[in-house]
Every structure is written in structure tokens, then in C-alpha cells.
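Structure assessment
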Amino acid sequence: MIHLNQSATAGALSASIAHELNQPLGAIRSNAEAASLVLRSACPDMKLIEQILVDIQEDDQRAHDIISRMRGLLKKRGEIDWQEFDLNELTTTAIKILQAEAMRRGVVVSTSRAPGAMLVRADKIHVQQVILNIATNAMDAMLEVAGRERKLTLETRMTKDSKVELSISDSGRGIPDDQLATIFEPFYTTKPAGTGLGLSIARTIVETYGGKVWASNRSEGGAVFRVVLPLARTG
Ligand code: ADP
């Protein structure tokens with residue numbers, strides 16, 4: 001019932017792959033053009049050519065990673081790579097991945113984790129994708145806000161009904177109340193170069209693992225996204 005290759009999701013995913021592939025493909029093209037220019041000069045710098053070729057190989061690897069990540073999302077439920085893992089640990093890994101971008105954007109990342117392991121059952125890479133999509137949006141929302149600290153906070157806790165909750169909050173511009181549900185729809189975007197797919201993919205993933213994700217506004221300004229997943233083992 002809840003596999004990911006329903007046609008709407010497959011359509012959304014292919015649009016997203018196409019969009020994401022533009023970046024490494026563009027880089028490959030510029031690198032190839034640069035190499036041609038170097039080769040046409042009177043005394044071509046072979047070291048530079050070598051470096052350009054290494055860059056092209058890396059761009060190609062990036063394109064390959066994008067495709068395999070997306071292919072992973074299209075698996076049927078029975079083909080999902082189920083793993084039991086600690087959501088606290090995954091949050092730490094996600095923060096490491098985000099840190100460089102956060103620093104570039106002047107965003108302070110803080111975290112507060114519930115004590116002990118919070119074991120959930122899912123494909124780790126999928127859940128990581130959810131965290132990265134939501135956190136990247138949060139950083140985007142803080143870009144335009146001036147004069148206020150840019151703060152991204154990731155918090156984990158156990159809910160009263162024994163589920164695990166990860167909340168990702170920002171000090172950005174918040175979300176108009178009448179858009180809190182719409183933002184999860186495929187192709188809804190307010191960004192000039194947005195795809196409007198990040199949140200719809202995030203929701204599809206979370207629901208595949210029996211969870212829920214929703215957004216609200218914080219009274220002190222900014223938005224908070226909550227992802228709730230069932231514990232791997234209860235009782
Ligand atoms: P995209 O990032 O390509 O626009 P998403 O599905 O990830 O696609 O997000 C949809 C829209 O939801 C964004 O364009 C933005 O308007 C809104 N949004 C998402 N996260 C936030 C946030 N943390 N604060 C404010 N608006 C947000």
C-alpha cells in the first residue's frame with residue numbers, strides 16, 4: 001500500500017532528478033570547455049588539464065550519486081533496505097553534513113538530544129534525506145532575514161505515546177498560516193529556482209515508515225518542522 005512508486009511520486013522524483021542533475025552536468029560542460037581552451041594555447045599546461053579531468057570525474061560521481069539516491073527512493077516497500085538505527089546518531093551525522101553550508105551562510109546550528117538511543121526502523125539514507133531537505137529549507141528561509149540571529153536547532157525527544165520526534169526549527173521568516181499544509185504539495189515553491197519537491201519527498205518518505213511530518217510557526221518567529229517516527233521496538 002505504501003510503496004513509493006505511485007505515479008505522482010515517481011513523476012515528482014524524476015523532475016527532481018532532472019533538476020539536481022543540471023548542476024553536475026553544467027560543471028562537466030564548463031570543465032570540458034576550460035580544458036579545450038587550455039589545449040588551444042601555445043604551451044598547454046598539462047598539470048591544469050589533469051586537474052580539470054579530476055574535477056570532471058568528481059562531477060560525474062556526483063551525478064551518479066544523485067541517480068542512485070533517487071533510485072533508492074523508488075523501491076517498493078519489500079525492497080527497502082530496512083535498518084534499525086539511532087535517530088540521535090543520524091541527527092549528529094546530518095549536522096556534520098550541514099555544518100559547512102551553515103557556516104558559509106552565517107547560521108549557528110545547535111542541537112539537543114534526548115538521552116539514550118532512539119531506535120527507529122527505516123532506510124537510514126531516506127531519513128537522512130528528510131533531515132537534509134528540511135534543514136536546507138530552514139537555512140534558505142533565514143537568508144532574507146536581516147538583523148536577527150540565524151539559528152537552526154535540531155532537537156530529539158520521546159513523545160508521550162512512545163514515538164520519537166525530531167524537530168527542526170529556524171529563526172527565519174516563518175510560513176503564512178494558510179500555507180502550512182500547502183507547502184508539502186509537489187511543485188509548491190516560493191523560490192525563483194525552487195522545484196517544490198523537497199517537502200513532498202520528505203512527507204512521502206516519513207509516511208512510508210509509518211510516521212508523520214508537519215510544520216508550524218514559532219511564537220518567537222521562524223518555523224518548526226516536526227518529524228515523528230514509531231520506535232523500532234515498543235514495550
Ligand atoms: P523548494 O525548497 O524547492 O521550494 P520544498 O518542497 O522543499 O521546495 O519547499 C516548498 C516551500 O515551502 C518553499 O518554497 C518555501 O516557501 C516553504 N518553506 C519550506 N520550509 C520553510 C521554512 N523553514 N520557512 C519558511 N518557508 C519554508
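Throughout this description, residue numbers start from 1 for each chain and increase along the sequence as written. Side-chain atom pairs in this predicted model are given and counted only at pLDDT of 80 or more, local residue features only at pLDDT of at least 70, and totals for whole chains, interfaces and linings cover all residues. By convention in this description, side-chain values take in all heavy atoms of the structure and omit both hydrogens and water.

**Notes on the packing of aromatic side chains**
The way to describe two aromatic rings as a pair is by their centre distance and the angle between their planes. Ring geometry is summarised as follows: Phe, Tyr and Trp rings, the Trp one being its six-membered ring, pair when their centres sit within 6.5 Å, and such pairs are stacked at plane angles under 30 degrees, edge-to-face over 60 and tilted between the two. Per the stated rule, a full pass over the model turns up 2 aromatic pairs. Consider the rings of Trp82 and Tyr209, whose centres lie 5.2 Å apart with planes at 90°: the pair is edge-to-face. Here Trp82 is found in the loop between α2 (46-73) and β1 (83-86), whereas its partner Tyr209 is found in the loop between α5 (198-208) and β6 (212-217), with 127 residues between them in sequence. For every residue, the accessible area obtained with a 1.4 Å probe (protein chains only) is divided by the maximum for its type, and the residue is called buried under 20%, exposed over 50%, and partly exposed between those limits. Taking relative accessible area as the criterion, Trp82 reaches 27% and is therefore assigned partly exposed. The numbering of helices and of strands both runs from the N terminus, where a helix is a DSSP run of H or I of at least 4 residues and a strand a run of E of at least 2.

**Let's talk about the nonpolar core**
Here, nonpolar core means buried Ala, Val, Leu, Ile, Met, Phe, Trp, Tyr and Cys residues that are tied together by side-chain atoms lying within 4.5 Å of each other. Ranked by internal contacts, the top residues of the largest apolar core, which has 45 residues, are Ile134, Leu152, Leu154, Ile168, Phe225 and Leu229. Looking at this core, the elements with two or more residues in it are α3 (87-104), β3 (119-122), α4 (124-143), β4 (151-158), β5 (163-170), α5, β6 and β7 (223-230). The leading source of residues in this core is α4, at 9 residues. Ignoring any residue separated from it by four or fewer positions in sequence, one finds Leu152 in contact with Val107, Val108, Val109, Ser110, Ala135, Ala138, Met139, Met142, Ile168 and Ser169. Two residues form a contact once any of their heavy atoms are found within 4.5 Å.

**What about the packing of α4 against α5?**
Look at α4 against α5: their axes get within 9 Å of each other, and the N-to-C directions meet at 145°. For the pair α4 and α5, the crossing hand works out as left-handed. Contacts between α4 and α5 involve His126, Val127, Gln129, Val130, Asn133, Ile134 and Asn137 from the first element and Gly198, Leu199, Ile201, Ala202, Ile205 and Val206 from the second. The class makeup of the residues in the contact of α4 with α5 is 8 nonpolar, 5 polar and no charged. Think of each axis as a best-fit line through the C-alpha atoms, taken over the contacting stretch in the case of a helix, with angles from 0 to 180 degrees between the N-to-C directions. A clockwise turn of the near helix away from the far one marks a right-handed crossing, whereas an anticlockwise turn of less than a right angle marks a left-handed crossing. Note that Gly is not counted as nonpolar here; it falls among the polar residues with everything else outside the nonpolar set of Ala, Val, Leu, Ile, Met, Phe, Trp, Tyr, Cys and Pro and the charged set of Asp, Glu, Lys and Arg.

In short, geometric facts, not functional conclusions.
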